[in-house]
Amino acid sequence: AQISGYDVAESNAAMGLSLLDTAEGVLDIVNGYLQRIRDLTEQAANGTYGSSSMNAIKTEVQQRMEEINRLCTVIDFNGITLLDGKSVAATSKNGINLQVSNNSGKNNIINLKYSIFEAATITALLISGNSHATNQSSDPNTAWYLRNDGQDTTALKARIEGSTGDDAKSPDGRQYDYSSKKAIKDVEYDWKDDRSVSTNKSCITAICDAVYTDDATAREFLSFIDDAIENVSNRTALIGAYMNRVESAVDA
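Below is a summary of the structure that appears in this document. (Residues numbered from 1 in each chain as written. Predicted model: local features only at pLDDT ≥ 70, side-chain atom pairs only at ≥ 80, totals over all residues. Heavy atoms only, no water.)

Along the protein, the regular secondary structure elements total seven helices and six strands. Reading the protein from its N terminus to its C terminus gives the helix and strand order α-α-β-β-α-β-β-α-α-β-β-α-α. In terms of principal-axis extent, the alpha carbons of the protein reach across some 75 × 35 × 30 Å. Residues counted as buried form 44% of the 252 residues belonging to the protein. A sequence separation of at least 24 residues applies to 62% of the contacts in the protein between residues at least 6 apart. Put simply, the protein shows about 12,500 Å² of open surface, and 45% of that area lies on carbon and sulfur atoms. Separation between the mean location of the 23 positive side-chain charges and that of the 35 negative ones in the protein comes to 4 Å. (Helix = DSSP H or I, 4+ residues; strand = E, 2+ residues; numbered from the N terminus. Buried < 20%, exposed > 50% of the residue type's maximum accessible area, 1.4 Å probe, protein only. Contact = heavy atoms within 4.5 Å. Areas by Shrake-Rupley, 256 points an atom, 1.4 Å probe, with all protein chains shown as cover. Lys, Arg positive; Asp, Glu negative; His and termini not counted. Charge placed at Lys NZ, Arg CZ, Asp CG, Glu CD.)

Shown next as structure tokens:
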């Protein structure tokens, strides 16, 4: 029984490594997309692009964001969705336990932290899972364009709310007036892609419509992307640490 148990424990650890490797592979792709989105946003923040060029940037960013969402929705391991935030590991905040020895007790398991399996979709990375977002919730109509870390997001706020005058003045005195450009405050979006529309939902289309308007809004969005990249990088580092630990458990 002991010998057979050790064989099963080794198989369990190998399965755990495969799960971690699958999650890491997708996160590497997501990180690459985020890096490209950041590069495009920094270009848009330069102020040297006309409306047609800005629309081209917006189109590529939107497609890359959509692909991030698709990957995070479909990737799974043995029926466990890894990066959509809907798995029991994520919702219960208990993570996943790997049985790496043939006895009971916590000393015989390795717990994979739940944060690895939280949603890595665009809305989650930029809003609901972003500690710098003013309203960290799953409500897709959250005021995602406001931050609590002192970052100035006056241009984004003015663009989204259609504000002018003193309501659109940044702390350093810059004035933003989007009255000549259609603000997105009252625009309806099919944010669930189910043909049901809601006003000013923070879906990918709404985010891109707000950000890729001019250099000011693009510049303010850079800090949001940096937060998303940091989130993914932290997960990847944690996965690497777990993989080393699990491999050590197998060797032992």
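Checked against the element boundaries, Phe224 lands in helix α7 (residues 215–251). Residue classification places Phe224 among the buried residues on the basis of a relative accessible area of 0%. Considering only alpha carbons, one finds Phe224 and Leu98, 126 residues apart in sequence, at a separation of 34 Å. Dropping the residues within four chain positions of it, Phe224 is found in contact with Leu126, Asn130, Trp144, Tyr145, Arg147, Thr153 and Leu156.

As a further point, take the nonpolar core. In this structure, Trp144, Tyr212 and Phe221 are the most contacted members of the largest nonpolar core, which totals 64 residues. By residue number, the principal contributor to this core is helix α1 (residues 2–44), which donates twelve residues. Within the second largest apolar cluster, six residues are counted, among which are Ala158, Ala168, Tyr176 and Ala216. (Core = buried A, V, L, I, M, F, W, Y, C linked by side-chain atoms within 4.5 Å.)

Burial of the side chains of strand β4 (residues 109–112) is restricted to one face: Ile110 and Leu112 are buried, whereas none of Ile109 and Asn111 on the reverse face is. Across four bridges, the pairing between strand β3 (residues 96–99) and β4 is antiparallel. Of the residues in β4, the one forming a bridge with Ile96 is Leu112. (Pairing = 2+ DSSP bridges.)

Moving on: the state of the cysteines. What the rule picks out here adds up to zero disulfides. Looking at the unpaired Cys203, the closest cysteine sulfur is the one in Cys208, lying at 8.9 Å. (Disulfide = S-S within 2.5 Å.)

All told, the structure shown has 14 salt bridges when counted by the stated rule. Salt-bridge contacts for Arg147 lead to Asp149; the nearest nitrogen and oxygen are separated by 2.7 Å. The network of salt bridges with shared partners includes Arg36, Glu60 and Arg64. (Salt bridge = Lys/Arg side-chain N within 4 Å of Asp/Glu carboxyl O.)

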